[in-house]
Structure formats: C-alpha cells, structure tokens
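# Examining the three-dimensional arrangement
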Amino acid sequence: MEGNLMKIMGLGNASREHAIAEALERSDHHPRIFWLGDIRNPGIFNICKKSGGDFALSKTTDPEKVVEYAKRWCVDFVIIGPEEPNFHAVPDELERKGIPCVGASRDVAIIEMSKAEMRRLQWEYGMSGKLLFKTFRSSKEAYSVLEKYSDTLTWLQNVALKPARQAGGKGVKVVEDQQLYLHDEKQRFKSKHADWLEGYMKSYSDIEDKILVEEKVWGPEYTLQCFTDGRCIKGMPLVQDNKHAHEFDIGTETGGMGSICGSGFTLPFITKKEYEESLKIVNSLVRAIQDKVGKRYHGMVAGQMMLTEIEGPTIIEMYSRLGDPEALNVLNTLKTDFVDICLAILDGNLSKLNVEFDKRSTVVKAIAPKGYPNNRKLAKNHPVFVDEQAIKRGGCKFYWGSADLNEGGEILSAGSRLVEILAISDEITKASKIIDRCVPYIKLLDGWGLFYRSDIGSPELMCKRMDVADRVRMLYQYRRDKGILGKRIDWLPKVGKMDPVALLRDELSKKSE
C-alpha cells in the first residue's frame, strides 16, 4: 500500500463491472480505483476519476499487459470481473509477479470454461445435482451417436445441445423428440445444430471437446453466487436471471435480460432447504476442482442451478465469477464492506468475516438496442442519451453496460446490453413497476429502437415460476421418498431394462484408464 491510500484495479466493461466498481467506491477504505477495459464504460470511467484513480483501454485477456498496468499503477490488488481473463490465466500471471488477485486461476476456472470437464468432475467425485452427458469433437461424431440411439435410449432422444465451452450463453438448443410423426424433422434439426456448434467452436482452440449433449431437464432456474477463499464458501442471496430476449421467455437466449432477488436468501419459489442443498453442491465442486488440480480457489464462484424432477437442485453451468446481471442484485444489498471481503479472500480469512445482506427485494432490467443478440453490428454505434437525474428521482439506480465513451465525450452503443436499471423494494413486483417508469429516460438519439422485458418481476411471471417449481418439487420429492432420486431407467427392445447411469459410469471409467 502506498501511504494510507489503498489502490485497487479492476478488469472488464459490462454492467457487472460498473456495479463492482461502485461497491469498491462505497468502501470505508476509500480506495483509489483503477480500471482496464476493452471499451470505455462511462460509469466505471467516472468512478475511477472521482476516486483519484485512472482508466485505460487495454485487452483484458492479455496477462502481460494487465501485469504491466498493475505495476505502473502500484495497485494493492486486482479484482477480475468477466470470465475470459480467468480462462487466459490473468490471475495466474499477476500472482506470479507478486500482485494479489481476487479471481479464479485458469486451472480452477476450468469448471466454467469447459462444461464437459465440469460434468466429468461431478461424476468422478460422485456429486449430486448432475446430468447424463456425452461430449464430441465433431458434429459428425455427435450426430452418428444421436442417430444410433434415436429410437432406443430416451435421454438421447430428448437432449440439450450445447457448445462444450463457455460461450456467453450462446448456442444452447433443447430438442424434444417425442412424436413419431416429427421424428425425421427433429433429427434433421439436431444434425443442423451440431454443424452450427462445430463451426461456432472453431473460434476456440483452448479445449478439445467441441459439442456437449446433455439429457433434457425442466424446472425453474436460479443462480447461487458465492465468495470463497478456498477454505470457506459463503453463499449470497439467490437470484433468477431471465435469459430469453422477449416477454414470457420467448426468443433467442441472451446474456440475461434482467434478474430478480427476493427478501432474505431464497426466491419466492425456492425453499430454504433447496438453498442449502444448492450451496452444498457448489461447495463440493469447489473442493473437487481444488483437489483435482492442487490449487486454491479464491474469488467468486456461482452455480447456475435448476430445480429438476430427476435430481432436485441441479447444476446447469458453473461460473468462475459473478453473473451479469445477477451481480447487481447482490452487490446492492451487500451490507458488509466489499473491500473487507476481498481482503479476507486474499488472506484466507473469509470464515472470520460476517457477510451480511439487506433483506429487501431487488429487480434488474437490461435495455438493449434492436439487433442484439443475433446481429450486433446493427446494435452498434448509436448515440445514447440517459437522463440519469430523472432515473434517480424515479427511485432507480442505473448501470452502464455495452456503451463506449469516446474521446469527444459522446457515448455510443457497443452492440450488447446497453444499460441495466435496478430498483429496490419490499416486494419484487413493486420493484419491477418502479423500473418500468424509468425506462423512457433512456434513448438512442438517431431514432434506432431499444427493447427490454417489462414482464420480469411481474405478478404474472412470478405465478408462472411458482407453478413450475411446485410441480417439479412434487415430482423430485416423490423420487426422494421412494429412494430413486438421481436414478434413471431406460428400456431397449430385445434387451430389456437399461441403467443409463451405469452405462455412463462404465464409459467414463474406460476413458480414464
């Protein structure tokens, strides 16, 4: 530390990073805040300048460049916002040069980078909350297996096709092949999407698996974010992100169009017991990856969970960082000093710190230019106007996302979610309505259109979530009562009953020999 002034450097440019910078700014340590971003997020830029720090444009996935800036600014520690710097070993290089970093090293971040490795780890360590899966290195290989079992193994008829690597939520397709008269159509769709996945994954050369096929599940999704120093894990309040672009979960999946967080640690449709089981699953994954690679996990970790009929609380994906927009919900109700949490993570003393959250509800809604997410070129370079004072008077907080402040002081859209608005209230539905009143204060000056989801946090969508949760809970609890939770049974002509779990374990065992 230089004198009594703490210096902290952050990485990233989205609304999540704006919220992280704001949480650092609120600290009683009054740190000077420094930041690296690929674009100049206006909100982060202003916080840096106000704190006496600095902002620089730089590639955030270049370990040498990040170290260069950390040394130039003599920072006390670095905090990582997005996942890609973790995948590119930025935390590893910082620590090799003696600069503390709140962020997952590349080896432990593999639980997010490779969805295939995460699933293998779950099965190897016998964890709960897992799904049947297969991985492939080409679309031809994937389709030949899907075609071979298209009339036999049920779980390979109804599947989720995904890129095997974290790809910002893109490329996930769920296909149900249950009606005989649509069978050929569904097979053609699977083949076409496997081809698309292979093409999409050509831009990633850092993992061998290209395509992940998982059994199809249904149920309400939710995110459990945690702080961890590798010895202790502290869960935060649950948040539900809404991935689909349009009202009532239709349209393409996006990075997240908004999120809700209830009062207390659970959501209105998730029980306390389900929260505790979810925390146990995330904790077991952190411990397993540490055991597997021999490195300490220190930073943030999150389970993108689903309540499923087969397993109850189930991991869909893992994050090696906070979610976006989920970070805004939890950081705005965090009562404990965020810098104290970062220091406890770095010192390995997280268990001694009492991490507390406000019990009020929060809702976040993202606003994006038309064109996002499928044609980001159309969504770029539109001049932006935001009446920040009117939003504040309306009872909301505002976070810049994919927005670039140029040298001339003009703010242009950068192609993704432009801004995120947050409201806090005693009820989710009330917070949702407060945000709706503030949305008109955001405009593109050239007349290009914006869109957002007004339904997030509405009474109608909350009823839908609770209905789904009630139905899936009834089914998984029945399985638990009968002692068949996690079991799958299939039936093959001329063979009889098959156990897909035993088949998968046998296959994984042979591959590891």
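In this text, all values refer to a predicted model and were calculated from it rather than measured experimentally.

### A closer look at the nonpolar core
Formed by 94 residues in total, the largest nonpolar core has its most connected members in Val282, Val301 and Ile442. By residue number, the principal contributor to this core is helix 10 (residues 272-293), which donates seven residues. Among residues more than four places away in sequence, those in contact with Val301 are Ile111, Leu224, Gln225, Cys226, Thr228, Ile233, Val282, Val286, Met318, Tyr319 and Arg321. Of all hydrophobic cores here, the second largest spans 42 residues; its members include Ile47, Phe77, Leu331 and Leu334.

### As for helix 7 (residues 115-124)
Note on helix geometry: an α-helix contains 3.6 residues per turn, so any two residues three or four positions apart are oriented the same way. Where burial is concerned, most of helix 7 is hidden: seven out of the 10 residues are buried. All of the buried residues in helix 7 are Lys115, Ala116, Met118, Arg119, Leu121, Gln122 and Trp123. Backbone geometry just downstream of helix 7 places Gly126 in the positive-phi region, at approximately 60°.

### Some points on the sheet that holds strand 2 (residues 32-37)
Strand order in the open sheet formed by five strands is 3-2-1-4-5, with parallel pairing between adjacent strands. Each end of this open sheet is capped by a strand with a single partner; those strands are strand 3 (54-57) and strand 5 (101-102). Where strand 1 (residues 7-11) meets strand 2, five bridges bridge the pair, whose relative direction is parallel. Opposite Ile8, over in strand 2, you have Ile33 as the bridge partner. Where helix 1 (residues 15-25) meets the sheet, it contacts strand 1, strand 2 and strand 4 (77-80), and its direction lies at approximately 165° from that of strand 2. Along the sheet, helix 12 (residues 338-347) makes contact with strand 1, strand 4 and strand 5, crossing strand 4 at roughly 100°.

### Quick notes on helix 3 (residues 63-72)
Within helix 3, the full set of buried residues consists of Pro63, Val66, Val67, Tyr69 and Ala70. For helix 3, the arc enclosing every buried residue in end-on projection is 165°, short of the 170-degree limit, so these residues lie on one face. The distance from a side-chain oxygen at the start of helix 3 to the backbone nitrogen of Glu64 is 3.1 Å, and the residue carrying that oxygen is Asp62. Note on helix 3: the residue one or two positions beyond its end, Cys74, has a positive phi of about 55°.

### What to know about the pattern of salt bridges
Counted by the stated rule, this structure contains 44 salt bridges. Note that Asp209 is salt-bridged to Arg120, the shortest N-O span being 2.6 Å. With a gap of 89 residues between them, Asp209 in the loop between helix 9 (183-201) and strand 9 (211-215) and Arg120 in helix 7 connect regions that are remote in the sequence. Residue Asp209 is classed as buried on the basis of its relative accessible area of 10%. Residue Arg453 is joined to Asp455 by a salt bridge in which the shortest nitrogen-to-oxygen separation is 2.8 Å. For the pair Arg453 and Asp455, one class covers both residues: buried. Beyond isolated ion pairs, a larger network of salt bridges with shared partners links Asp249, Arg453, Asp455, Lys464 and Arg465.

### What about the pairing of strand 2?
Where burial is concerned, most of strand 2 is hidden: five out of the six residues are buried. For the crossover from strand 1 across helix 1 to strand 2, the handedness is right-handed. The handedness of the strand 2 to strand 3 crossover, carried by helix 2 (residues 42-51), is right-handed.

### Brief notes about the side chain of Glu83
Assignment of secondary structure puts Glu83 in the loop between strand 4 and helix 4 (84-87). On the basis of relative accessibility, which here comes to 12%, the residue Glu83 falls in the buried class. In terms of polar contacts, Glu83 uses its side chain to reach the side chain of Arg321, at 3.3 Å. With residues up to four places along the chain from it excluded, the contact list for Glu83 reads Arg16, Glu112, Gln166, Ser320 and Arg321.

What counts and how
Every chain is numbered on its own, with residues counted from 1 as its sequence reads. The model is predicted, so local features are restricted to residues of pLDDT at least 70 and side-chain atom pairs to those at 80 or more, both for listing and for counting; the totals for chains, interfaces and linings are taken over all residues. Only hydrogens and water are set aside when side-chain values are computed; all heavy atoms of the structure are taken into account. What makes a nonpolar core is a set of buried Ala, Val, Leu, Ile, Met, Phe, Trp, Tyr and Cys residues whose side-chain atoms join them at distances within 4.5 Å. Relative accessibility decides the category of a residue: with a 1.4 Å probe and only protein chains considered, values under 20% of the type maximum give buried, values over 50% give exposed, and everything between is partly exposed. Think of it this way: any DSSP run of H or I at least four residues long counts as a helix, any run of E at least two long counts as a strand, and we number them from the N terminus. Contacts: residue pairs with any heavy atoms within 4.5 Å of one another. Only strands that DSSP links by at least two bridges are regarded as paired with each other. A fitted line through C-alpha atoms serves as each axis, taken over the contacting stretch for helices, and the angle formed by two N-to-C directions is quoted from 0 to 180°. Within this analysis, the arc is defined by the directions that extend from the helix axis to the C-beta atoms. We call two N or O atoms a polar contact when they sit within 3.5 Å, provided that within protein one can donate a hydrogen and the other can accept it, with sequence-adjacent residues counted only if both atoms are side-chain atoms. Salt bridges are defined as contacts in which a side-chain nitrogen from Lys or Arg sits within 4 Å of a carboxyl oxygen from Asp or Glu. For the handedness criterion, the strands are oriented away from the viewer, and a crossover whose path from the first strand over the helix to the second runs clockwise is classed as right-handed.

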